[in-house]
Amino acid sequence: MKLKKVLFTLFLAAFAFTTQAQSFRVENSLPITQLTDTTNFSLLNSRLGSRFTFSLLNEKQSIQTGSLGFDMDEQTGLLISLEVQKKTYCFRTTPLPRNTKYFNNQQLRFGPSSMELSGQTDEGMDVRFTLISSFTKSKTLEDSSAIKVQIFPGYYFLVNISNNSNVKQEGKLKIALAKTPVKSFNFMSLEPMKPDNNEQQVYFRDNANLNGKTILAAAKTKANGTFNDHGFGGLVYNFNINPKDKKEFSQIYTTYNDSTVIPDKRVNQSLRFYYTKYWKNVEEVLKYAQENFDKNIALTQDFEDTLMKSGLTPKEKWVLALAFHTDLANTYFLLDENNQPRFYVSEGRFKHLSTVDVAHETEVNAIFSPWRLKLQLAQWTNYIARAEVTVPANAIQNKPAYQQGMTSAEYGPYLYHDVGDLPFVSETANYNYGPHMAVEENTSFVLLLYWYWKISNDDEFVKSMLGTVDELLQSVINRDTNENGIADMAYGWTTYDANEALKLSPDNTFLGAKQFGAYVVAAEMLRALANKDKTKVIDATKAGVVDGEGAGFKKLGTEVNNEKLRNKQADKYETEAKTILATLEKAQLKYGFIPVSLDEKFPKWNQRSVVIGEGLFLPGLAGSKAPLLKQLATVLKKDYAATYAKSMTDYGIKLTTDEGTTWFSKTIVADVVASQWYGINHTSAGYIYEWNKNSPYAYNDGLLKENDVWIGYWYPRGISALGYWMLKNAEKK
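**Quick notes on the packing of helix α13 (residues 509-528) against helix α14 (residues 563-591)**
When two helices pack together, their arrangement is given by the angle between their axes and by how far apart the axes lie.
Part 1: Close contact between α13 and α14 brings their axes to 8 Å; oriented N to C, the two are set at 155 degrees. With respect to α14, the element α13 is oriented roughly antiparallel. Crossing angle aside, the handedness with which α13 passes α14 is left-handed. Together, Thr509, Gly512, Gln515, Phe516, Tyr519, Val520, Ala523, Leu526 and Arg527 of α13 and Arg566, Asn567, Gln569, Ala570, Asp571, Tyr573, Glu574, Glu576, Ala577, Ile580, Leu581 and Leu584 of α14 make up the contact between the two elements.
Part 2: When the residues that make up the contact of α13 with α14 are grouped by side-chain class, the tally is eleven nonpolar, five polar and five charged.

Put into structure tokens, the structure is as follows:
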């Protein structure tokens, strides 16, 4: 792939905006959701890492909002009402108030960082409400201007009213929440609204923060004042619009929470939101949002246009937009007490933070913010298992004691699967599935490091991780005891925990191909980043060189020539890759295809699987041209079309031919791999659209079988759909 051209397009687009006020335009080719009494579809709206939500729940005709994420939201009503010719209309974002009717023909359309509701009145008035969660690319944490655009805890609201009638229309527009206004300086004191006041902002309690407030404020369009009646508090605008004319009214909704978000039990520190580094209260957030209104909306428009005006089909665009919303809603961007940044991605309803297997898909999104992946890579080094640990029983949760780190002493260290389990942070669940994923997590770490290297060109950081790469991959090699290159002992269970053959079988060819990919990219990094100069003294305090805590070394060090060592390590991993390739070729010759497992004693070992090429996913997106990877793709291509045909169902693509589970994000990965490496084009977006278009759980990632929805609600890993866009964008270049 021509990755550099894709990145150039992304980064250039961020500077193409004008500073003139403009309405935000949601891509009109996106599928429309009709809002009726039977619409259950819900959309998570959030800010990157800020956890500030404003999610649409059509099923309950409400909005859920809060400063600590969708798990801590408060359900409330959003009133966007129009009073015209003695009639009052509103959107289906609140239970219907007295003497009010819903707008006619209400529709929902959304982009990656936007949501648009539209409707009409009997009098020929069109109303559009657009929510904008501002976003632009940022390459490093030093790019504070772009970081602020991404993370400030606030939204922009735009209300556009068009008069399509032949007469002048006069009336009132009300923007309000089903909450009681309070005074800005006192948590307990209510704020009575005087008639005919000219106030431009309303404060509400933030129930997630004892003394916290949210603010709804008029922005570029001055309100006629505030109001508080019938359980709603907000802004009111008087308007008169000539025939065939239109007007726009803009608002900002902000919050601020400086309390502990989650405590880190490993180092006994409280973690707070990263945005507290830039702003000290909600008024400062509001001031920033007001001063940067035009710029932030224009940057977001350019970002959405870059993603949506592409060669994707409408359903692919819809899936990508939905997955982007879900990714934003599951992110934590925090500071510890030493002012060190942390970034986590929550595993949907399971709540584990930044598990490596989920990151293999979610961090495709790091193309827009490479720093988020860099922080996670550094954090993961703290959770490498080197010894056996007994997790005590939990009587409250009815969980028995279980062991983590099993076999690590014999076969070598590995990354925990559920890195979010103890010792970690209290937000995570404590459940005793899968004490380790000894092969998959180690290989995913290496593949993610390679992806970060290619999108960031951060040689220094990646070079500092090469010792960890060698340690983890040697551990993987140790788990192959029959010398065919594929792990057959202490491999743990894989991310495909709903599919027995993929989850538990030894000599698992999916894991073998993933080992292969990790070995090949590791060899490339080892050779390219070897120190080829003579031994010299270096300043090891420079940014990017990290120790285990990510804080940086504190003194000068010595850089030695290690080219011979790195080449020796690279040769070792390429030899292992060639062994796996020979094993897969031999199996293909013997069986006529590559089965899921080479252990003929394992139940259903002789199934096929569309996901076997997953180890090619990130290297392909990163533009790798490694000959060994091409050789693997050539071997896998022989089976893929037939395997895909045998895996098709009415509800999706099965992970294996004889087991019914489908996993949408994983079949997206398979689609991308097939398109780039095999030259076979198909898309799973249609299945994903059909099963999510009326779901109350935002992005739902699959089914166990027809009509049996898997419980992976609100899953962030659907952002792997970004791979579709990257391929199409590269083709256009």
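**Quick word on the sheet that holds strand β3 (residues 53-57)**
Part 1: Taking strand neighbours across the sheet as the criterion, the four strands line up as β2-β3-β4-β5 in an open arrangement whose pairing is antiparallel. Each edge of the sheet is formed by a strand with only one pairing partner; in this case those strands are β2 (42-43) and β5 (74-76).
Part 2: The pairing of β3 with strand β4 (residues 62-66) spans five bridges and is antiparallel. Looking across to β4, one finds that Thr53 is bridged to Gly66.

**A short note on helix α5 (residues 314-329)**
Helical geometry: 3.6 residues make up each α-helical turn, so side chains three or four residues apart lie on a common side.
Part 1: With 16 residues, α5 should reach 22 Å at 1.5 Å per residue; the first-to-last C-alpha distance of 23 Å fits that figure.
Part 2: Across the 16 residues of α5, 14 count as buried, placing the element largely inside the fold.

**Some words on the confidence of the model for the protein chain**
Part 1: Mean pLDDT for the protein chain: 90, with 90% of residues reaching 70 or above.
Part 2: In the model, residues 11-22 has pLDDT below 50 throughout and makes 21 contacts with residues more than four positions away in sequence or in other chains.

Rules of the game
Residues numbered from 1 in each chain as written. Predicted model: local features only at pLDDT ≥ 70, side-chain atom pairs only at ≥ 80, totals over all residues. Heavy atoms only, no water. Axes fitted to C-alpha atoms, helices over the stretch in contact; angles between N-to-C directions. Helix = DSSP H or I, 4+ residues; strand = E, 2+ residues; numbered from the N terminus. Parallel < 35°, antiparallel > 145°, perpendicular 65-115°, else oblique. Left-handed = near helix turned anticlockwise from the far one by under 90°. Contact = heavy atoms within 4.5 Å. Nonpolar A, V, L, I, M, F, W, Y, C, P; charged D, E, K, R; others polar. Pairing = 2+ DSSP bridges. Expected span 1.5 Å × (residues − 1). Buried < 20%, exposed > 50% of the residue type's maximum accessible area, 1.4 Å probe, protein only. pLDDT = per-residue confidence, 0-100.

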